[in-house]
Amino acid sequence: MLRQDPFAFAAVVVLVLFALLAVLGPTLLGDIATSMNLRARNAPPFELERGFWYLLGADALGRPILARVILATRTTLLIAGAAVLLSMVVGSVLGLIAGYRGGFLGDAILRLTDIVMSFPSLLLALVVLYVFDPAITNVIIVLAITRVPIYLRTVRAEVMEIRSRMFVTSARVTGAGPVRLIGKHILPMVFPTIVTIMTLDFAFVMLAEASLSFLGLGVQAPNVTWGVMVAEGRNYLSSAWWLSFWPGLAIALVTMSLNLVSNWVRMVIDPVQRWRLEGKGEK
Amino acid sequence: MNDTLLKVSDLSVEFRNGSTVNKAVSGVSWDIRRGETLAILGESGSGKSVSASAIMGLIDSPPGRITSGRAEFDGMDLLHLDDAERRRINGPRIAMIFQDPLAHLNPVYPIGWQVAESMRLHGVSPEEARRHTLELLERVGIRNAKARLKDYPHQFSGGQRQRIMIAMAIALKPDLLIADEPTTALDVTVQAQILDLLTELRRETGMAVLLITHDLGVVAQTADRVVVMKDGQVVERGDVREVFGAPAHPYTRQLLDAVPGKSRFRQPEAAGERLLEGRGVAKFYPISAGWFGRPVETLKALDGVDFDLHKGETLGIVGESGSGKSTLARTVLGLTRPTSGEIRWRGRNVAQMSAAELFEMRRNLQVVFQDPTASLNPRMSVAEIIAEPWAIHKGFLPRAQWKDRTVELLENVGLRAEHAERHPHQFSGGQRQRIAIARALALQPEVILCDEAVSALDVSVQAQVIDLLRKLQTQYALSYIFIAHDLPLVRDFADRILVMKQGKVVEEGTAQEIFERPREPYTMELIAASPDAVPRSESRWRSAQ
Amino acid sequence: QDTALTIALPAEPANIDGCNTTVTGIGVIVKENIVETLTTISPEDGSIQPRLATEWEDIGDGKYRVSLREGVTFHDGTPFDAEAVAFSIERLQSQEISCLDRTKIAGIEITTDIIDEHTIEIGAAPAQVLMPTLFSFIGVVSPNTPTDALSRSPVGTGPFAFEAWNADGVHVARYDGYWGEAPQVSEATYVFRGESALRAAMVEIGEADIAHDIAPQDAVNPDIDIPFLNGETTRMRIVMLPPLDDIRVREALNLAFDREALLGTILSDRAQIATQFILPNINGHNPDLEPWPYDPARAQQLLDEARADGVPVDREIRLVGRIGFFPNQEEVLQAIQQMWAAVGFSVRLEMMESADWLRLVNRPYPADREAMLIQEQHDNNNGDAAFTMRFRYHTDGQQSEMNNAEVDRLIDTAEQSVGEERTLAFQEANRIIADEVIPAVPMYHMVSYMRVGSSISYEPNVLSLIQLELADITFN
Amino acid sequence: MARHFAKRALWSAISLFALVVAVFFMSRMTGSPADLYLPLDAPTEMRVQFEHLHGFDRPVYEQFFSFLGDLLRFDFGMSLRQGLPAIDLVLQALPTTLLLAFYSITIALVVAVVTGALAAWRPNSIFDRIATVLSLIGASLPNFWVAIIGVIVFAVTLRWVPTSGTGSVAQWVLPIAVLALRPAGLIVQVARSSMISVLSSAYVKTARAKGAPSRRILFVHALRNGMLPVITVAGDQAAGIINGAVIVETIFGFPGVGKLMIDSINYRDFAVIQAGVMVTAIAIFLMNVLIDLAYLGLDPRTREEMV
Ligand SMILES: Nc1ncnc2c1ncn2[C@@H]1O[C@H](COP(=O)(O)OP(=O)(O)OP(=O)(O)O)[C@@H](O)[C@H]1O
Ligand SMILES: Nc1ncnc2c1ncn2[C@@H]1O[C@H](COP(=O)(O)OP(=O)(O)OP(=O)(O)O)[C@@H](O)[C@H]1O
Ligand SMILES: [Mg+2]
Ligand SMILES: [Mg+2]
């Protein structure tokens, strides 16, 4: 079925490629990505005389961007993936509870998100920075906390609507407990929205992480992420666009691939939509 | 023939589902003349709704595909219209009443708006549309129509929704009205009212009606000609009286034989253990004036209902649409809390049960809801849907047997093993209802609550299902609460009957008492309004030929 | 001719009070434009010039008799006199508001004695050798200025009067009653834009006339982008704990750092390699000190020697940078980190938020502070080394890592002397620090760029980062 | 319904209080303002005097109670940095921010919902693919990038709009466009996803049977049913702008709350942080009430829950 959607197929290929880079990249690269060469400072892309690694140009310290993008893959995907998953799980669970149970607990949860939504994230980051040691896990936690409300609120809203549908009632009458009602009947209906938000949040989290790095909370040199690379390129936007362009492109590519794959998955798991993928092959 | 309004020839529709192709309609031809009523009778799942959808241009394509045929209407081929032409036809020239009224009404718009829209779309002014909407709703028998214009679909009973759909369809006085089971959800008095209305419109405007139904009584009383379908094909056609009088095809004969209302009354045996009882059950809905207004009025959906259900008996509940039958069912199931009164299961008040007791009750009290489409999870396959009760009540049936048992249940309700892997949206209305029945049977409960459980089935399948229910009843001493408006059916199947009107029980008795010696005028009215499956030329609903 | 200017600054100041004139963002707007000081420091040689004070005389006992300029009025019409000076000095020292200029006279109590309308005696306890320099920190504001709050609408005697401060920025207009020569600029608007590239663009397309402090990579047009030594010096302070307590290791750090390599690449080629923490125009700067040569081989050798002696040179050393000192800062640090790695140091770079960083640099130091390098930046634009030396190098200096009796003695002596003696003592202290103690890795005297629109001319100088006199601007 | 909102208000008051308490104590965990506020070379005595002047030398709980006391009079104290009443500073900056949020979210909503709905009409069509790619790019571009490139292209090269500033309408164009981009990208996807399911509902068929034109089916019949997640996401994005359009505010010189808050947090200007959080929280709470009202307006079935 995957091959019937060339876009989704391409997206999977891209994701697999990035996954491979994340696993193998840092070992394969050695110090290519970290050794500077001030003579190649801001070297433009597509000039091959400096060698293959300089294909995408060099950064302000003359380090090859291609190598750095590869080097950054692992940390980037690790942080963004963990933060997105964490916020999704926490947000969805709380949203399910708030939407399904309603009542006092639901209200309490909802107001808690109001608090999180209005709490300045910079302040949160600083508190973490002061109270704990800077560690990647802290970055993930800060990022996750700030993203929880979006999942929570969407999930809650959808659950409230789905909860009142007849087939849920019908399962309830058969004796289904909350776990089954949620897991079998409600979650699958909310899932598409969650996935859509997740894939979109991926990009956001990657960029937000950069601002924490600048506070001293995130990754520190020589370790690097795409977000940090984009942010470092900021000062050179008018003179050397490629510094932030390539890592930005990587972020966009991953986001887009995730989204295409998730669109595809959503169609596959939705029996009403599945034909869209099936019909194609025969034409 | 000059007065042929629509001529369908060699229509074939198929659905693709992965690698399998499902021929829903194959090579069907018929025609309908101006002003006449053509009935399409047929087995549930025989392609009646699909052929109607094809004419309306509503087949989702893909997965559906019209593989052959023409539908000539006014010199046009309805199967090959462009969007603009289609819009000019749909609504003012050909209108449709859908089979499943809840799903087909938009949940977020007030019903008044939805009815008016069908006029506004075709150039009627807002005030005119508003005025006419009110008139239409009154005409289809929505009580207190003016106040309810701003209500939403979920606030209406099944029959009321059906009537709203009808109001919407006849708003523009179309040349052809395609009515897909228009009266299935209606009680006989309202059914009579609706049929009167359609007749009247037909006289006024010369509207032709394509009536898709399995209610032989309705066909007998209203149709001029009839087309009988089975397995996607037309098996018989002709004048109603001829077909009903001398059916040629075995299927038609089978249908006519299966017409209920002819068997002997059931004689209630000595009352067994009392399983369920209701005492003074009442449910009031506030009708508020606006978002912030105080409730101005209360709608008494149930108003002090008492009932008992004993082991092994069938309690029939009849009554006009909106009389509170479904509300009573929901209350019994513990889905809505009664405003006052109580429901007891084996002497325990349902409202005060512990979770474990409730779970035990639910194991033994299953339900088939009125609205089959909505009650099936669209993402689950039929196999999953039917197996769900076993997954919930672990230990009832070992997993290894699920598959066989599912197939068995499907066959019991007249479906086939291959249907297990399909999803609800791939079925006809009647088929979905049977899936719901199969699910209710899965646990072999003590009580099954059937809210119009067989109303969407053709009489032969209906008879098959009823037979099954009866068999189970004798085997396991099952009890049923059987909500229906099809009086002959209730007459055949119920031991005792409650007659409801406006939230109150107006009469109660054994089937025989109710049907042979009705005391209340309302009951008499109901019985009288029930159409007879023998076509008579003097039927007030038939068009004057 | 339209002689209104728009000046784009990097950040909006919190206030523009006349007692905060030494603060970067505020001084640029206020100092000598709106509020004038008693004396000013010449950007060329650091000498003290008269401004509102015309003459001053040391009358002993820490007191100076100061003659004030006559015929001067404040923008609100109040005449400028000894009262006003006394008022301003009192307000500067008030406990009710935190005047930042007071840090320049910290630990000193200043008293005033009005002699007549245009003569005042100003005393300091303890007595100050650099009294005329201190006068340059005293901005004189109208006696109508509130004494319990910092002002956002300063009233002074300068050539420009404050007009308004709103969402568009700060507006000033030429003051017709100014005592001196009327400037060419008729009015000026200060706007605040955080993005260097955007400030530069504003001048390019004529939305602004001066873009202050733009990053080297945005300074692409030599005709309008003018580099200037901005008075800031940057270095890395060494916390002298093992292994950095070994002088060979500190030497190695200095030798392994190729200072030339960063010039003209990451940093402007106009930046100067620093030998000490003060600029050459400051009294006490030692011109004989040589920059560290780049000699990685020697560095390696020193390290090996130290290692052989059991110094834990392979221990990881933190290099702590504070966010936001200068453009491209993190790149500079990364580059240096790499150079050190090349000779065998293991240095971990950490960029810190200000408050976090401050915990490491100010006494009392945290007990668990380990050996580390702390990047610092310092500007002494007050003409004399005194504003640097005790604080950083004396045993009881608040940010000192040193404990050297000779340096302590030299600083004590210098602070009490004048003239050549003072200069020599400071110079000698700086020599010892640079050659014998090596408490730091000196880096650069920094350069800023100012983009000046082609319709005007302005020559930026060492003070331009904190003081930009509109009166110096002329039209082409 | 009225009771619902009364309850809601009570809850909000409680959480507002919790928020204020959290902010009070948490902000004080991030170091002393004295270090940041005073110049680097400020001597110890000056620090001590500074802390005394502003009461930071008192025990934290004491500070807290006097803060609470003042709060009852809606007095947040004076800004350390600017010497003005904190609340005034915040209220001064608020309109700019609210306007930015309102315009950008409104524009994003309109553009994105239309695009998302059209994309859902024929999933995987060319239009859908293009819309998807563009919206994802929009959602993954960092604000500063768009802002600076926007200035370079539209202000410097094309000279269509001024680079920055708040005076004229033209000056609002770029900031609003930049702020709208990410929400728009997100909403396109969310709208598309929810519209795809809605469009296969039975009532969409009814509309077709009535002869409703595609446009009407899409935007009248289906859209309202698909708006629930859209509104939630839009609300989240609006909240994001209300308490942190820092980058846009800084780059374009818009003196809004985001910039004020960042400066205040960087300088540990507690009074302003406190006032800012309170005011933005109230704005966000009110917005959430609006969102709930929108749910009610959009889906009548949710109304029952609230009565
Ligand atoms: N949620 C609700 N809000 C307001 N009124 C309601 C609600 N649900 C049901 N009603 C009203 O209660 C009455 C009884 O409805 P109910 O569904 O029980 O009728 P019914 O007897 O099952 O009719 P039918 O045969 O048409 O299904 C109707 O008038 C209906 O409009
Ligand atoms: N989307 C679909 N995909 C696959 N099969 C379908 C789909 N829709 C309908 N069918 C099949 O087409 C056949 C005809 O369905 P149709 O709805 O026309 O039946 P019907 O005659 O109206 O029956 P009923 O009286 O039960 O409503 C059925 O066998 C059904 O399973
Ligand atoms: Mg059908
Ligand atoms: Mg009902």
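Position labels on residues start from 1 in each chain and follow its written sequence. By the order in which they are written, chains take letters starting at A while ligands take numbers starting at 1. Only residues with pLDDT of 70 or above have their local features reported here, since the model is predicted, and side-chain atom pairs are shown and tallied only from 80 upward, although totals for entire chains, interfaces and linings are computed over all residues. Values shown for side chains rest on all heavy atoms present in the structure; no hydrogens or waters enter the calculation.

The following threshold applies: UniProt positions are given in the numbering used here, feature names are shortened, and annotations may be inferred rather than shown by experiment.
Under an unreviewed UniProt entry, the name given to chain B is ABC transporter ATP-binding protein, and the source organism is Pelagibacterium lacus. UniProt annotates chain B under Sequence similarities (unreviewed entry) with the comment "Belongs to the ABC transporter superfamily."

As recorded in an unreviewed UniProt entry, chain A goes by the name ABC transporter permease, listed as coming from Pelagibacterium lacus. Word for word, the UniProt comment on chain A under Subcellular location (unreviewed entry) is "Cell membrane". The Sequence similarities (unreviewed entry) field of the UniProt record for chain A holds the comment "Belongs to the binding-protein-dependent transport system permease family."

**Some details on the site of ligand 2**
Residues and elements named next belong to chain B. Note the following rule: The rule for a residue being near a molecule or strand is that one of its heavy atoms must lie within 4 Å of it. As used in this structure description, the phrase polar contact means that two N or O atoms lie within 3.5 Å; if the pair is within protein, one of them must be able to donate a hydrogen and the other to accept it, and residues adjacent in sequence are counted only when both atoms belong to side chains. Working definition of accessibility: Shrake-Rupley area with a 1.4 Å probe, residue cover restricted to the visible protein chains. Each domain's limits were defined by an automated method or a database of domain assignments.
In the vicinity of ligand 2, 21 residues are found, and the nearest of them are Gly45, Ser49, Gln99, Ser428 and Gly430. Within the backbone of glycine 47, an N or O atom sits 3.0 Å from an oxygen atom of ligand 2. Arginine 422 has a polar side-chain atom sitting 2.9 Å from an oxygen atom of ligand 2. Here ligand 2 loses 92% of its free accessible area of 640 Å² to cover by the protein chains. Each of domain 1 (36–58 + 83–258) and domain 2 (312–339 + 348–529) contributes no fewer than three residues to the shell around ligand 2.

**Looking at the domain arrangement of chain B**
Residue and element names in this part refer to chain B. So the rule is basically this: In what follows, residue pairs with any heavy atoms lying within 4.5 Å of each other are defined as contacts. When two components associate, each loses some accessible surface as probed by a 1.4 Å sphere; the sum of these losses over both components is called the buried area. Here a salt bridge means any side-chain nitrogen of Lys or Arg lying within 4 Å of a carboxyl oxygen belonging to Asp or Glu.
Split into domains, chain B comes out as domain 1 (36–58 + 83–258) and domain 2 (312–339 + 348–529). The straight-line distance from the C-alpha centre of domain 1 to that of domain 2 is 25 Å. Taken together, the contact pairs 28 residues of domain 1 with 27 residues of domain 2. Approximately 2,200 Å² of surface area, both sides summed, lies buried where domain 1 meets domain 2, with 52% of it carried by carbon and sulfur atoms. Summed over the three residues of domain 1 that lose the most area to domain 2, namely Ser44, Val188 and His214, the buried surface amounts to 25% of that side. Counting the contacts that link domain 1 with domain 2 gives zero salt bridges. Where domain 1 touches domain 2, the interface holds zero residue pairs in polar contact (both at pLDDT 80 or more).

**With respect to the nonpolar core**
Selection criterion: Residues belong to one nonpolar core when they are buried, are Ala, Val, Leu, Ile, Met, Phe, Trp, Tyr or Cys, and are joined through side-chain atoms within 4.5 Å. Throughout this description, buried means an accessible area under 20% of the type-specific maximum (1.4 Å probe, protein chains only), exposed means over 50%, and partly exposed covers the range between. In this description a helix means any DSSP run of H or I spanning at least four residues, a strand means any run of E spanning at least two, and both kinds are numbered starting from the N terminus.
If you look at the biggest cluster of nonpolar residues, it comprises 288 residues, and the most contacted ones within it are Trp226 of chain A together with Leu38, Ile122, Leu262, Trp340 and Phe345 of chain C. The dominant element in this core, judged by the number of residues it contributes, is helix H7 (residues 178–215) of chain A, at 18 residues. Among residues more than four places away in sequence, those in contact with leucine 38 of chain C are Pro50, Arg51, Leu52, Ala53, Leu68, Val85, Ile122, Phe135, Ile138 and Val140 of chain C.

**Describing the site of ligand 1**
We apply this condition: Under the convention adopted here, Pro, Cys and the residues Ala, Val, Leu, Ile, Met, Phe, Trp and Tyr are nonpolar, Asp, Glu, Lys and Arg are charged, and Gly plus all remaining residues are polar.
Taken together, 19 residues surround ligand 1, and among them Gly159, Ser321, Gly322, Ser326 and Thr327 of chain B come closest. Residues close to ligand 1 are split across chains B and D. Between ligand 1 and glutamine 160 of chain B, the relevant distance is 3.0 Å, taken from an oxygen atom to a side-chain nitrogen or oxygen of the residue. Isolated, ligand 1 exposes 640 Å² of accessible area, and the fraction of that covered by the protein chains is 90%. Contributing elements (two or more residues each) for the shell around ligand 1: helix H7 (158–170), strand E12 (295–310) and helix H12 (325–332) of chain B. A class-by-class count of the residues in the shell around ligand 1 yields four nonpolar, 12 polar and three charged.

**Comments concerning the UniProt feature "domain: ABC transmembrane type-1" (unreviewed entry) in chain A**
UniProt's entry tags residues 73–262 of chain A with the feature "domain: ABC transmembrane type-1" (unreviewed entry), counted in the numbering of this structure. Taken end to end, residues 73–262 of chain A is 84% helix and 0% strand, and its two terminal C-alpha atoms sit 21 Å from one another.

**Some remarks on a nonpolar patch on the surface**
All names here are of chain D. Definition in use: What goes into a patch is any residue over 30% in relative accessible area without a salt bridge, connected to like charges within 9 Å or, for nonpolar side chains (Val, Leu, Ile, Met, Phe, Trp, Tyr), within 5 Å.
On the surface, a cluster of nonpolar side chains totalling about 790 Å² of accessible area is made up of Leu99, Phe102, Tyr103, Ile107, Val110, Val111, Val114, Leu118 and Phe127. Considering every element that reaches the nonpolar patch, the biggest residue donor is helix H5 (residues 86–121), with eight residues. Mapped onto the fold, valine 111 is located in helix H5.

**Some points on unusual backbone geometry**
For the bond running from proline 242 of chain C to proline 243 of chain C, omega is 5 degrees, close enough to zero to count as cis. Its place among the elements puts proline 243 of chain C in the loop between strand E12 (225–239) and helix H5 (247–255). Residue proline 364 of chain C is bonded to the preceding arginine 363 of chain C through a cis peptide linkage, with omega at -10 degrees. Counting through the fold element by element, proline 364 of chain C comes out in the loop between helix H9 (354–361) and strand E16 (372–379). For aspartate 231 of chain B, which is not a glycine, the phi torsion comes out positive at approximately 50 degrees. With respect to the secondary-structure elements, aspartate 231 of chain B resides in the loop between strand E9 (225–230) and strand E10 (233–239). At aspartate 61 of chain C, a position not held by glycine, the phi torsion is positive, near 65 degrees. Counting through the fold element by element, aspartate 61 of chain C comes out in the loop between strand E4 (53–60) and strand E5 (63–68).

**Overview of the interface of chain A and chain B**
Across the contact, 24 residues belong to chain A and 30 residues belong to chain B. Across the interface of chain A and chain B, roughly 2,500 Å² is buried in total on both sides, 61% from carbon and sulfur atoms. It is Met166, Val173 and Thr174 of chain A that lose the most area in chain A upon contact with chain B, and together they represent 26% of the buried surface on that side. Counting the contacts that link chain A with chain B gives one salt bridge. Close ionic contact of arginine 180 of chain A with glutamate 388 of chain B constitutes a salt bridge, the shortest N to O distance being 2.8 Å. Run the count over chain A and chain B and you get eight residue pairs in polar contact (both at pLDDT 80 or more). Those elements that place two or more of their residues in the side of chain A that touches chain B are helix H6 (166–173), H7 and helix H10 (275–278) of chain A. In terms of residue class, the side of chain A that touches chain B is built from 12 nonpolar, five polar and seven charged.

**Topic: the environment of glutamine 502 of chain B**
Counting through the fold element by element, glutamine 502 of chain B comes out in the loop between strand E19 (496–501) and strand E20 (504–510). Separated by 403 residues in sequence, glutamine 502 of chain B and glutamine 99 of chain B place their C-alpha atoms 25 Å apart.

**Comments concerning the interface of chain D and chain A**
Taken together, the contact between chain D and chain A spans 64 residues of the former and 58 residues of the latter. Where chain D abuts chain A, roughly 5,300 Å² becomes buried across the two surfaces, and 69% of that area is made up of carbon and sulfur atoms. In this structure, the salt-bridge partner of lysine 7 of chain D is aspartate 107 of chain A, at a minimum N-O distance of 3.5 Å. At the surface where chain D touches chain A, the tally comes to eight residue pairs in polar contact (both at pLDDT 80 or more). For the side of chain D that touches chain A, the elements supplying multiple residues, two or more each, are helix H1 (2–27), helix H6 (126–140), helix H7 (143–157), helix H8 (169–199), helix H10 (214–242), helix H12 (257–266) and helix H13 (270–298) of chain D. When residues in the side of chain D that touches chain A are grouped by element, the largest group, 11 residues, is from H1 of chain D.

**Some thoughts on the state of the cysteines**
Residues and elements named next belong to chain C. As a reminder of what qualifies: Whenever a pair of cysteine sulfur atoms sits within 2.5 Å, that pair is classed as a disulfide.
All told, the structure shown has one disulfide over all chains when counted by the stated rule. Residue cysteine 19 pairs covalently with cysteine 99 via a disulfide, S to S 2.2 Å. Its torsion about the S-S bond being -80 degrees, the disulfide of cysteine 19 and cysteine 99 is classed as left-handed. Of this pair, cysteine 19 sits in the loop between strand E1 (4–9) and helix H1 (24–30) while cysteine 99 sits in the loop between helix H2 (82–92) and strand E6 (109–116); the two residues are 80 residues apart in sequence, bridging distant segments of the chain. Look at cysteine 19 and you get buried, because its relative accessible area is 5%. Cysteine 99 gets classed as buried once you look at its relative accessible area, which sits at 0%.

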